Amino acid sequence: VQLQAFGGGSVHTGGSLRLSCTASGRTSSQYTVAWFRQAPGKERDFVAGIWRSTGRSFYEESLKGRFVISRDNSKNTVYLQMNSLEPEDTAVYYCATSATVILSERRNDRAYQYWGLGTLVTVSS
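Structure report, in brief.

Thresholds applied
- Residues numbered from 1 in each chain as written.
- Predicted model: local features only at pLDDT ≥ 70, side-chain atom pairs only at ≥ 80, totals over all residues.
- Heavy atoms only, no water.
- Disulfide = S-S within 2.5 Å.
- Helix = DSSP H or I, 4+ residues; strand = E, 2+ residues; numbered from the N terminus.
- Buried < 20%, exposed > 50% of the residue type's maximum accessible area, 1.4 Å probe, protein only.
- Pairing = 2+ DSSP bridges.
- Axes fitted to C-alpha atoms, helices over the stretch in contact; angles between N-to-C directions.
- Core = buried A, V, L, I, M, F, W, Y, C linked by side-chain atoms within 4.5 Å.
- Contact = heavy atoms within 4.5 Å.
- Salt bridge = Lys/Arg side-chain N within 4 Å of Asp/Glu carboxyl O.
- Phe/Tyr/Trp six-rings, centres within 6.5 Å; stacked < 30°, edge-to-face > 60°.
- Lys NZ or Arg CZ within 6 Å of the ring centre and 35° of its normal.

1. Quick word on the state of the cysteines
With the rule as written, the count across this model stands at one disulfide. The side chain of Cys-21 participates in a disulfide bridge whose partner is Cys-95; the two sulfur atoms lie 2.1 Å from each other. What sets the handedness of the Cys-21 and Cys-95 disulfide is the S-S torsion sign, and at about 75° it is right-handed. Taken together, the residues Cys-21 in strand S3 (residues 17-24) and Cys-95 in strand S9 (residues 91-98) connect sequence positions 74 residues apart. One exposure class covers both Cys-21 and Cys-95, and it is buried.

2. Structural notes on the sheet that holds S3
Strands in a sheet are paired, the pairing made by backbone hydrogen bonds, and the direction either parallel or antiparallel. Taken in spatial order, the four strands line up as S1-S3-S8-S7 in an open sheet, and their pairing is antiparallel. Strands at the two margins of the open sheet, each flanked by one partner only, are strand S1 (2-6) and strand S7 (67-72). Neighbour-to-neighbour, the strand axes of this sheet turn through a mean angle of 15°, independent of strand direction. Alignment of S3 against strand S8 (residues 77-82), held across six bridges, turns out to be antiparallel. Bridge pairing links Cys-21 to Val-78 in S8.

3. Details of the nonpolar core
Formed by 26 residues in total, the largest nonpolar core has its most connected members in Trp-35, Val-47, Phe-67, Ile-69, Leu-80, Met-82 and Tyr-93. Among the secondary structure elements, those contributing two or more residues to this core are S1, S3, strand S4 (32-38), strand S5 (44-51), S7, S8, S9 and strand S11 (119-124). Counting residues per element, this core draws most heavily on S3, at four residues. The contacts of Leu-80, once residues within four sequence positions are left out, are Leu-17, Arg-18, Leu-19, Trp-35, Val-47, Ala-48, Phe-67, Val-68, Ile-69 and Tyr-93. Core analysis: the next-biggest nonpolar cluster, separate from the first, contains nine residues, Phe-46, Trp-51, Phe-58 and Val-101 among them.

4. With respect to the pattern of salt bridges
The full count for this structure, using the stated rule, is four salt bridges. The salt bridge partner of Glu-86 is Arg-66, with a shortest N-O separation of 4.0 Å. Here Glu-86 is found in the loop between S8 and S9, whereas its partner Arg-66 is found in the loop between strand S6 (57-59) and S7, with 20 residues between them in sequence. Overall, Glu-86 belongs to the partly exposed group, its relative accessible area being 32%. The partner of Asp-89 in a salt bridge is Arg-66, with the nearest N and O atoms 2.8 Å apart. Of the two residues, Asp-89 sits in the loop between S8 and S9 while Arg-66 sits in the loop between S6 and S7, which places them 23 residues apart along the sequence. You can call Arg-66 buried: its relative accessible area is 15%. Here the residues in one salt-bridge network are Arg-37, Arg-66, Glu-86 and Asp-89, joined through shared partners.

5. A short note on the packing of aromatic side chains
In this structure the tally under the stated criterion is six aromatic pairs. Measuring from ring centre to ring centre gives 5.6 Å for Phe-36 and Tyr-112, while their planes differ by 70°; the resulting arrangement is edge-to-face. With Phe-36 in strand S4 and Tyr-112 in the loop between S9 and strand S10 (114-115), this pair connects stretches of sequence that are 76 residues apart. Taken together, the ring pairs in this structure connect Phe-36, Phe-46, Trp-51, Phe-58, Tyr-94, Tyr-112 and Trp-115 into an aromatic cluster. Sitting above the plane of the Tyr-94 ring, Arg-44 keeps its charged end 5.9 Å from the centroid. Over the ring of Phe-58 we find Arg-106, and its NZ or CZ is 5.4 Å from the ring centre.

Put into structure tokens, the structure is as follows:
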């Protein structure tokens, strides 16, 4: 499975961006897809995830309401709509996927087998 993330860029505080993550290879609509981010000098943190089969989503609580994850299984693509961006959202954003993600581990990066290269989001004040 290969993942490609698109849509990063530079915006000012309050702006919006939509990231896309497209899977190819032996992927499946049964996979779980998640977004993580890593700011300079910090650990990689969970952002949001979605069960492709049902469309049910889950979020880092502090981001819920500003970020929305969705999927288009016909395009093997998951989206992350990010609104009201703040400088603290500056990071490299990674998408990840796996066939079997245990519910209790869905926010843990170790639960995901395949990773994209990441796309940089920069928010300036």
